[in-house]
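For reference, the chains in residue letters:
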Amino acid sequence: MNHFHYLNGELHAESVAISRIAARVGTPFYCYSTATLARHYTVFRDALAAAGLDATVCFACKANPNIAVIRTLAELGAGADVVSEGELRQALAAGVPPARIVFSGVGKTRHELEFAVAKGILQINVESEPELRLLSEVAAARGIRMPVSIRVNPDVDAGTHAKITTGKKENKFGIEWTRAREVYGLAAGLPGIEVVGVACHIGSQLTELEPFRDAFVRVRDLVAMLRADGIQIRRLDLGGGLGVPYEHESPPSPAAYAEVIRATLGDLNCRIIVEPGRLLVGNAGILVSKVIYVKEGATRTFLIVDAAMNDLMRPALYDAHHAIFPVAEPAAGSARIEVDVVGPVCETGDTFAKQRSLPPMRAGDLLVFGTAGAYGAAMSSTYNTRPLIPEVLVKDDDFAVVRARPSYEDMLALESLPDWFGHEG
Ligand code: LLP
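Notes on the structure follow. (Residues numbered from 1 in each chain as written. Predicted model: local features only at pLDDT ≥ 70, side-chain atom pairs only at ≥ 80, totals over all residues. Heavy atoms only, no water.)

Thoughts on helix α8 (residues 210-228)
A rise of 1.5 Å per residue sets the reference length of α8, with its 19 residues, at 27 Å; its end C-alpha atoms lie 27 Å apart and thus fit the reference within 8%. On its buried face, α8 is in contact with β9 (146-153), α7 (180-188), β11 (193-199), β12 (235-237) and α9 (254-265). Two residues or fewer after α8 comes glycine 230, characterised by a positive phi angle close to 85°. (Helix = DSSP H or I, 4+ residues; strand = E, 2+ residues; numbered from the N terminus. Expected span 1.5 Å × (residues − 1). Contact = heavy atoms within 4.5 Å.)

In structure tokens form, the structure reads like this:
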């Protein structure tokens, strides 16, 4: 369910015509809907509460770190899951209280750990023994014990794309499940560490509940062992991963997901932390682009649009499907043709869709890529020296640019010629 819909023959975000935004900010741009963000967050939060869970929803900022997006969720009570000092700074700038921020990630640097400890965040999810030792040193130097969950790798197959599965033993994430007890023993003896919980995240865009259930049962077994060892576990961070429909998928509902948590972990007397990313922001965003040329190739028609793989990498990187539809509502029963939708970047991978059935479109027409709110802008780059594209947030009948398009001067200002080239003029 989202708030992008046709009204008077034209696509709107809430009550704002997409063409109005396009006229103001130019294409391409990302457009997010406040009402959709709010709906996704409240449905998810309420599902956890209805299952009787004491749960904190920490939005995985990596999916969309724009501070206006984070702020929208934070005002509803969301915390943040961050994976770098940059994301931590974004969450703080968005107004997320440090007591609702968790820091995950497999390669945090000393500087990042020092920054997080100094900010007094809720907890750090530690992924290796060297990280545990370094964090202990950093925290002890400040005279504190840092609350820590250790991320365990439960060795379950999430059944998702190979590039976004994280919970198999051959993946780089977490502490191998079979060694977890020993590493908790080490953590319990370190001066700068306060062990508070267990963390686990098995992958992204999961469309079945079974992998979650398998992982949570392993977490449950581990908690029993740790408690038997005298280690107090009072928080369980279950990661993110619940999928969204891009095409024909029908992922489990938040209520069904919450029920799996309740059934497997609900009686352990632990505060539950969840880190959804895609689920909260995926359908709350679209990428708006314009047709530059319609090119008749030897065997197919190409719709060459002004967005490219650098703006939305998912199709090139994961063969991901994004719905594509025109901003002008097609008449009922109007003709359709099969086209390849491609960007201007100089490689064949810059293809958004092959042989997609769309109403005939002409140069200058606006079109939209759906479900682009998660891992869209967040993963964009300036490949081909294309400026990062603006992000716009809509609220009712209002909209604001929440990330400006940099100028070419801004981009070039970061580069310089070394002295050895000499100075001209
Ligand atoms: N927590 C941790 C520790 C994670 O690594 C991730 C995602 C999440 C939470 C949030 O997962 P979500 O709820 O969004 O599935 N770029 C890829 C997705 C990469 C996900 C990485 N980790 C894509 O575009 O599909």
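Comments concerning the nonpolar core
Within the largest apolar cluster, 106 residues are counted, with the highest numbers of intra-cluster contacts made by Ile124, Tyr184, Val198, Ile233, Leu236 and Val341. Among the elements that take part in this core, α8 stands out by supplying seven residues, more than any other. Among the domains, domain 1 (4-32 + 282-412) and domain 2 (34-277) are the pair contributing at least three residues each to this core. Here valine 198 is in contact with Ser149, Ile150, Val152, Tyr184, Val219, Leu222, Val223, Leu226, Ile233, Arg235, Leu236 and Asp237, once residues within four sequence places are set aside. With 18 residues, the next largest nonpolar core counts Phe4, Ile18, Ala22 and Val288 among its residues. (Core = buried A, V, L, I, M, F, W, Y, C linked by side-chain atoms within 4.5 Å. Buried < 20%, exposed > 50% of the residue type's maximum accessible area, 1.4 Å probe, protein only. Domains from an automatic or database assignment.)

Focus: the packing of α8 against α9
Across the interface, α8 lies against α9 with an axial gap of 9 Å and an inter-helix angle of 25°. Classified by the angle between their axes, α8 and α9 sit roughly parallel to one another. Two packed elements cross with a definite hand, and for α8 against α9 that hand is right-handed. When α8 is examined against α9, the residues Phe212, Arg213, Phe216, Val217, Val219 and Arg220 are found in contact with a partner set consisting of Tyr257, Val260, Ile261, Thr264 and Leu265. (Axes fitted to C-alpha atoms, helices over the stretch in contact; angles between N-to-C directions. Parallel < 35°, antiparallel > 145°, perpendicular 65-115°, else oblique. Left-handed = near helix turned anticlockwise from the far one by under 90°.)

Quick word on the packing of helix α2 (residues 34-50) against α9
Where α2 contacts α9, the axes come no closer than 8 Å and their chain directions differ by 35°. Considering how the two elements wind past one another, α2 and α9 form a crossing that is right-handed. Facing α2, whose interface residues are Val43, Phe44, Ala47 and Leu48, α9 presents Pro254, Ala255, Tyr257, Ala258 and Ile261. Partitioned by chemical class, the residues of the contact of α2 with α9 number nine nonpolar, no polar and no charged. (Nonpolar A, V, L, I, M, F, W, Y, C, P; charged D, E, K, R; others polar.)

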